[in-house]
Amino acid sequence: MTGLIWIVLLPLIGFVLNGLGRNSLSKPIISLIGCGTILASFLLSCNVFGAVYTARQGGEDAAFSQTIFHWISAGNLHISLSFLVDPLSAIMLLIITGIGFLIHLYSTGYMKHDAGFGKFFAYLNLFIFFMLLLVLGSNYVVMFIGWEGVGLCSYLLIGFWYQRVDYASAAKKAFVMNRIGDLGFLLAIFLLFYTFGSLEFNDILPKAAGFPVGDSSLFLISLLLFIAATGKSAQIPLFTWLPDAMAGPTPVSALIHAATMVTAGIYLIARSNILFTLSPATMEIIAIVGLLTALLAAFIAVTQNDIKKVLAYSTVSQLGYMFLGLGVGAFTGAFFHVITHAFFKALLFLGAGSVIHAMSNEQDMRSMGGLKKKLPITFVTMLIGTIAIAGIPPLAGFFSKDEILAHAFAHNKILWVGGFVGALFTAFYMFRMLFLTFYGKFRGTYDQERHLHESPVVMTLPLIILAILSFGGGFLNIPEALGGHTGLSNFLQPVFAASTSKNTSGHLSHTTEYILMGLSALAALVMAGYAYTKYIKKAALPAADHEDRSVLERLSYHKFYIDEFYDRVVTKPLNGLSSLFYAVDRKLIDGFVNYIGNGASQAGTLLRLLQQGNVGYYIFYMVIGIIAVLAYGLFII
């Protein structure tokens, strides 16, 4: 398959053009370059997906590769810049470029009056370039380059408004916490080469399938890869950077949360699935960490008042569900949730941006209310997104989340109970956000109310498209229990075939699936009804910052004081150690070196006095020298 290089290069070209012309090109030209390159990349991706789909329909594995050039050759190490397209990466291409284009289009309206318009689009294009490199790489080194690249772009975009110190700090926090996970990835690469003698997926994964279950090498490799994924996909304990990433412009939040960065960890594990399947201990760790993350983030989201913070913790929670799915062997279910989550989370973030745009940059839901009449398109589309993420049928989130919960039930009933409780929280906090924002009386200022208006078409059109996808996206993989043919599972079958053959989890009867689906849907409706009763019928409002809260409310509102804990246990000790090293460097090491240098300088100053150009002094020195030689001869020799 040819042409893959252009899918990757087009966003890079957009970055170069907009980066160089950020101060000279007009905003329409910048928009055309920024959006046009991503749209062209999307169209090429559709062509590639069509070829993969046709091959799958013909019964082929549909895996195509293209080598751009041979990069490194040293002894047994051979690394090429090469691309691999199969059903997994083909879907990721559509998500990255398709939703990426909608976010770019939305940004032309949202960032219209920003002074850094050209720089912003250059960074967006670069972000897409690195994410495409990550998912198309045919080996772990190329994937790692893309992995590091999206980390760099997240730093640039989260800190885009770096003039504010807290925004710059949020960018640094994201960058540093991701470096912790990246170390795990780097160590895993070394172990992969040591174990398999190659870093190519097509070499490693077939060889790994022949290893015994529980092999110690695979356990260590899979554990390191999971550590990498916890950083990039914001799982315990490396999740606190993602809520703070809301410091960036809202389109950045949508891009990071829906189409690019946070899905990288899921993709890494899905791509390396056989390594994890043969490491049951790692799988259990993934499932437990994923569940705990889903529950913790959902509980925190219940009391947040910043509309973007609610969605941020929602993302952390939904990523937890994806890791839960991966941990119980539901690779297709987890990836299905990646797809549907990309639809409704991009919709919700862009919808929140539309609200913030109308509210003159206000993000506190306590200052909103009654917006559905002023922002009808934003309201309807966000309603669809809320229903989808809450898991209410027949919208997208119902099918993908319930597939994960069904596998969790078959694997371990306790995991299912935890996932079910998390789903209750999700429905509540999402409808709480919807009701506080769009219903009741307007609680903002008079000037804000005068400014209220629906967003322009370049912002509402992406909302409408994403709402349609959020509504119908679940039909991509309708379960057999509901008369479907599990189309996505069949499409991805070659990617997960080796893992499927070794998966020992039991299968559920259709009756059990009906009961689980019914319970999940009913619970979501009950929690939506509870939120309606509390925030519409009783017109309850979240407590002000200074008001007293119960212990549980205080824990949730202050995010369990995890940031404060990290600050006290990690940040302050490291800063203290750094100050100590700085003092040792300046006063001891530099002091010693400077002492020698100053001594040499002062000695030179004294010796310089011997060279005055006065003949009388030179004769005097010569006489002294002769006397010294004679004295040495008489008394010493």
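Since the model is a prediction, treat every value here as computed from it, not as a measurement.

1. Here's the deal with the overall build of the protein chain
- When helices and strands are counted, the protein chain shows 25 helices and two strands.
- Along the first, second and third principal axes, the C-alpha set of the protein chain runs to 120 × 65 × 55 Å.
- Buried residues in the protein chain amount to 53% of all 637 residues.
- In the protein chain, once contacts between residues fewer than 6 apart in sequence are set aside, the share between residues at least 24 apart is 80%.
- Here the protein chain displays about 27100 Å² of accessible surface, and carbon together with sulfur accounts for 67% of that area.
- Distance from the positive charge centre (37 side chains) to the negative charge centre (31 side chains) of the protein chain: 8 Å.

2. Quick look at the packing of helix 17 (residues 396–411) against helix 18 (residues 413–438)
- It is at 6 Å that the axes of helix 17 and helix 18 come closest, and there the two elements cross at 150°. By the angle between their axes, helix 17 is roughly antiparallel relative to helix 18. Taken together, the residues of helix 18 that come into contact with helix 17 (itself represented by Lys401, Leu405, Ala408, Phe409 and His411) are Lys413, Leu415, Trp416, Gly419, Phe420, Ala423 and Thr426.
- Across the contact of helix 17 with helix 18, the residue classes break down as seven nonpolar, three polar and two charged.

3. Some thoughts on the nonpolar core
- One finds Tyr140, Phe185, Trp241 and Leu275 to be the most contacted residues of the largest nonpolar core, which totals 186 residues.
- A per-element tally of this core places helix 15 (residues 331–358) first, with 18 residues.
- Counting 17 residues, the second-largest nonpolar core is a separate cluster that includes Leu291, Ile404, Leu405 and Ala523.

4. Some details on the side chain of serine 455
- Within the secondary structure, serine 455 sits in the loop between helix 19 (446–451) and helix 20 (457–472).
- There is a polar contact of 2.6 Å between the side chain of serine 455 and the side chain of serine 354.

5. Things to note about helix 1 (residues 4–20)
- The terminal C-alpha atoms of helix 1 lie 25 Å apart, and with 17 residues this matches the ideal 24 Å at 1.5 Å per residue to within 8%.
- Where helix 1 bends most, the angle comes to about 25°, and this point is leucine 10, followed within four residues by the proline proline 11.
- Among the residues of helix 1, Leu4, Ile5, Ile7, Val8, Leu10, Pro11, Gly14, Asn18 and Gly19 are the ones counted as buried.
- At its buried positions, helix 1 is contacted by helix 2 (27–57), strand 1 (64–74), strand 2 (77–85), helix 3 (87–110) and helix 4 (117–136).

6. Here's the deal with the environment of methionine 92
- Examined against the element boundaries, methionine 92 turns out to sit in helix 3.
- Under the relative-accessibility criterion, methionine 92 is labelled buried at 1%.
- In the structure, methionine 92 is positioned 168 residues away from threonine 260 in sequence and 9.2 Å away in space, judged by C-alpha atoms.
- Contacts of methionine 92, omitting those with residues within four sequence positions, involve Met131, Val135, Thr263, Tyr267 and Phe335.

7. A closer look at the pattern of salt bridges
- Summed over all chains, the structure comprises eleven salt bridges.
- A salt bridge links aspartate 182 to lysine 232, with the shortest nitrogen-to-oxygen separation between them at 3.8 Å. Here the residue aspartate 182 occupies a position in helix 6 (residues 165–196), and lysine 232 occupies one in helix 8 (residues 216–232), the gap between them amounting to 50 residues.
- In this structure, aspartate 364 engages arginine 366 in a salt bridge whose closest nitrogen and oxygen atoms are separated by 2.8 Å.

8. Details of the pairing of strand 1
- Across nine bridges, strand 1 lies against strand 2 in antiparallel orientation. Within strand 2, the position partnered with serine 73 by the bridge is histidine 78.
- In textbook terms, the turn of a hairpin is the stretch between consecutive antiparallel strands, and for strand 1 and strand 2 this stretch comprises two residues, one of which, glycine 75, has a positive phi near 65°.

9. Focus: the side chain of glutamate 200
- Its place among the elements puts glutamate 200 in the loop between helix 6 and helix 7 (201–208).
- Salt bridges are absent for the buried glutamate 200, whose nearest opposite-charge side chain, arginine 271, sits at 10 Å.
- With sequence-adjacent residues up to four places away left out, glutamate 200 is seen in contact with Ser80, Ser82, Ser138 and Asn139.

10. Describing the state of the cysteines
- Under the criterion given, the structure shown has zero disulfides.
- With no disulfide of its own, cysteine 46 lies closest to cysteine 35 among cysteine sulfurs, the gap being 16 Å.
- For cysteine 46, a relative accessible area of 31% puts it in the partly exposed group.
- You can see cysteine 153 has no disulfide; the closest cysteine sulfur is in cysteine 35, sitting 17 Å from it.

11. With respect to unusual backbone geometry
- Cis geometry is adopted by the peptide bond preceding proline 237, which originates at isoleucine 236 and carries an omega value of 5°.
- Locating proline 237 in the fold gives a position in the loop between helix 8 and helix 9 (241–244).
- Across the junction of proline 393 and proline 394, the peptide omega takes the value 5°, indicating a cis bond.
- Its location among the elements puts proline 394 in the loop between helix 16 (376–390) and helix 17.

12. What to know about the packing of aromatic side chains
- Throughout the structure, instances matching the rule amount to 31 aromatic pairs.
- Their ring planes at 45° and their centres at 6.1 Å tell us that phenylalanine 428 and tyrosine 535 sit as a pair that is tilted. In this pair, phenylalanine 428 is assigned in helix 18 and tyrosine 535 in helix 22 (residues 510–537), connecting sequence segments 107 residues apart.
- Relative to tyrosine 439, the ring of phenylalanine 435 lies with its centre 5.4 Å away and its plane at 80°, an arrangement referred to as edge-to-face.
- Taken together through their ring pairs, the aromatic side chains of Phe117, Phe120, Phe121, Tyr123, Phe160 and Trp161 make up a single cluster.
- Lysine 119 extends its terminal NZ or CZ atom over the ring of phenylalanine 160, reaching a point 5.1 Å from the ring centre.
- Sitting over the ring of phenylalanine 409, lysine 413 keeps its end group 4.7 Å from the ring centre.

13. Quick notes on the environment of glycine 214
- Checked against the element boundaries, glycine 214 lands in the loop between helix 7 and helix 8.
- In this structure the C-alpha to C-alpha distance between glycine 214 and serine 279, which are 65 residues apart in sequence, comes to 5.0 Å.
- Each residue touching glycine 214, except ones within four places of it in the same chain, is listed here: Leu278 and Pro280.

Basis of the calculations
- Residues numbered from 1 in each chain as written.
- Predicted model: local features only at pLDDT ≥ 70, side-chain atom pairs only at ≥ 80, totals over all residues.
- Heavy atoms only, no water.
- Helix = DSSP H or I, 4+ residues; strand = E, 2+ residues; numbered from the N terminus.
- Buried < 20%, exposed > 50% of the residue type's maximum accessible area, 1.4 Å probe, protein only.
- Contact = heavy atoms within 4.5 Å.
- Areas by Shrake-Rupley, 256 points an atom, 1.4 Å probe, with all protein chains shown as cover.
- Lys, Arg positive; Asp, Glu negative; His and termini not counted.
- Charge placed at Lys NZ, Arg CZ, Asp CG, Glu CD.
- Axes fitted to C-alpha atoms, helices over the stretch in contact; angles between N-to-C directions.
- Parallel < 35°, antiparallel > 145°, perpendicular 65-115°, else oblique.
- Nonpolar A, V, L, I, M, F, W, Y, C, P; charged D, E, K, R; others polar.
- Core = buried A, V, L, I, M, F, W, Y, C linked by side-chain atoms within 4.5 Å.
- Polar contact = N/O pair within 3.5 Å; in protein donor to acceptor, adjacent residues only side chain to side chain.
- Expected span 1.5 Å × (residues − 1).
- Bend = angle between axes of the 7 residues up to and from the residue.
- Salt bridge = Lys/Arg side-chain N within 4 Å of Asp/Glu carboxyl O.
- Pairing = 2+ DSSP bridges.
- Disulfide = S-S within 2.5 Å.
- Phe/Tyr/Trp six-rings, centres within 6.5 Å; stacked < 30°, edge-to-face > 60°.
- Lys NZ or Arg CZ within 6 Å of the ring centre and 35° of its normal.

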